[in-house]
Amino acid sequence: MLRSLVGSEMCIRDRYKVKEVKAIANYSINTKETTVKFTTSIDNQIQTIDYTNKHDEGELEVLKVNKLNETMKIEGVKFELYSDELNRVIASGKTNAEGKLKFTNLRTGTYKLYEVEANEWYRLDNTKHSITIKKDETTYKTIKNQPKMGHIAIIKYDRDYKEMKLEKAKFAVLDSKGVTVDTIITDKNGYGKSKELPIYETYTVKEIETPTHYLINANETTVKYNSNEDNATKEYEYYDIRKEGNLKVYKVDENNQRIALGLSLIHISEPTRLLSI
């Protein structure tokens, strides 16, 4: 309404030009100029003019990375963007192969960013991320995801006597690039367990050091997890072969001369293993 715009009654002339000179906060000025024409023969006319203003806008770019290795970008993570002004979700999307998701044409103001679907190898992040969008700016938000984790366990025993568990056997755990990421050492019960490891990796386990008197087991084990095995412990049994030798026994008389009279019984008590006699 023209009268309300100017704030007072006006003398009627043929034409007036109307333009916006100041917008309210968070809105851009409408640069349109409107010509208003009155009929001079009619008193107390009211002319109504509709003006629309565009809300100030900005952008949001989300980057999703691995919490343990931020150089690893995470694809396929779904987010929803909730507007505090409008009290509703106004946009959603998934991160691309570069771990990025961009929201454009966002009204300036405050938002909440929610992760609603994680990559299958990662745990869902339940954090409510507060976002502020500013005029003609891109707001950048990096969010770290915790991978699903698991353990590798070794049970070590004597090949011929499985009940005999072997202590201090040492195993290397290598990732898919051949880098050693952990070392497992068995305890007195023949049991050893790795630290937490991301289950998206494929691992190789091999023995690198044996208990005294044992031969290294050259077998290597490949460890793979499924994406639904968060917090799982995969156990593998390894046996070692004890080093062996032969024992020859000779019967001698008091002059230390060999004799072969009768039959002698020899008892070997170390270490609960029958040796060749």
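In what follows, the accompanying structure is described. (Residues numbered from 1 in each chain as written. Predicted model: local features only at pLDDT ≥ 70, side-chain atom pairs only at ≥ 80, totals over all residues. Heavy atoms only, no water.)

### Considering the pairing of strand β5 (residues 88-94)
Relative to β5, strand β4 (residues 78-83) runs antiparallel, the two sharing six bridges. For Phe79, the partnering residue across the bridge sits in β5 and is Gly93. In this antiparallel pair of consecutive strands, β4 and β5, the connection spans four residues, and Asn87 shows a positive phi of 60°. (Pairing = 2+ DSSP bridges. Helix = DSSP H or I, 4+ residues; strand = E, 2+ residues; numbered from the N terminus.)

### Considerations on the layout of surface pockets
A probe matching the size of a water molecule, rolled over the atoms, marks out where space remains unfilled. When its volume is computed, the largest pocket comes out at roughly 270 Å³. What lines the largest pocket is a set of 13 residues, among which Asn69, Met72, Asp175, Tyr200 and Glu201 lie closest to the centre. (1 Å grid on protein atoms, 1.4 Å probe; cavity = no way out; pocket = protein on both sides within 12 Å on 5 of 7 lines; lining within 4 Å. Points joined across faces, edges and corners; volume = space filled by probe spheres on them.)

### Focus on the pairing of strand β12 (residues 180-185)
Pairing analysis gives five bridges linking strand β11 (residues 170-174) to β12, with the strands arranged antiparallel. Residue Lys170 lies in a different strand from β12, and its bridge partner there is Ile185.

### Focus on unusual backbone geometry
With a phi angle near 60°, Asn87 is a residue other than glycine that sits in the positive phi range. Relative to the elements of secondary structure, Asn87 occurs in the loop between β4 and β5. With phi around 70°, Lys168 is a residue other than glycine that occupies positive phi space. Tracing the sequence through the fold places Lys168 in the loop between β10 (149-158) and β11.

### What about the environment of Glu137?
Structurally, Glu137 is set in the loop between β8 (129-133) and β9 (138-145). Using a relative accessible area of 43% as the deciding quantity, one classes Glu137 as partly exposed. Sequence spacing of Glu137 and Glu57 is 80 residues, and the spatial spacing of their C-alpha atoms is 8.1 Å. Not counting residues up to four positions away in its chain, the partners in contact with Glu137 are Gly58 and Glu59. (Buried < 20%, exposed > 50% of the residue type's maximum accessible area, 1.4 Å probe, protein only. Contact = heavy atoms within 4.5 Å.)

### What about the side chain of His55?
Along the chain, the position of His55 falls in the loop between β2 (33-37) and β3 (57-66). Exposure remark for His55: the relative accessible area of 8% places this residue in the buried category.

### Comments concerning the pattern of salt bridges
Counted by the stated rule, this structure contains 14 salt bridges. We note a salt bridge from Lys94 to Glu117, for which the minimum N-O separation is 3.2 Å. A residue pair is termed long-range when its members are at least 10 positions apart, and Lys94 in strand β5 and Glu117 in strand β7 (residues 109-117) qualify at 23 residues. A relative accessible area of 46% means that Lys94 is categorised as partly exposed. Close ionic contact of Lys162 with Glu237 constitutes a salt bridge, the shortest N to O distance being 3.3 Å. Of the two residues, Lys162 is situated in the loop between β10 and β11 and Glu237 in strand β18 (residues 232-242); the sequence distance between them amounts to 75 residues. Accessibility expressed as a relative area gives 47% for Glu237, which makes it partly exposed. Beyond isolated ion pairs, a larger network of salt bridges with shared partners links Lys156, Glu207 and Asp240. (Salt bridge = Lys/Arg side-chain N within 4 Å of Asp/Glu carboxyl O.)

### Some remarks on the nonpolar core
The nonpolar side chains of a soluble globular protein tend to be buried with one another. In this structure, Leu60, Val62, Phe79, Leu81, Phe103, Leu106 and Leu113 are the most contacted members of the largest nonpolar core, which totals 15 residues. Those elements that provide at least two residues to this core are β3, β4, β6 (100-107), β7 and β8. One finds Ile154, Val173, Ile199 and Val205 within the second-largest nonpolar core, a separate group that totals 13 residues. (Core = buried A, V, L, I, M, F, W, Y, C linked by side-chain atoms within 4.5 Å.)

### Looking at the sheet that holds β7
Ordered in space as β5-β4-β7-β8, the four strands form an open sheet in which the pairing is antiparallel. What marks the edges here is a single partner per strand, and that holds for β5 and β8. Strand-to-strand twist in this sheet, taken as the mean axis angle between neighbours without regard to direction, amounts to 30°. Looking at chain direction, β4 and β7 are connected through six bridges and run antiparallel. When the sheet's bridge partners are listed, Lys78 is paired in β7 with Glu117. (Axes fitted to C-alpha atoms, helices over the stretch in contact; angles between N-to-C directions.)

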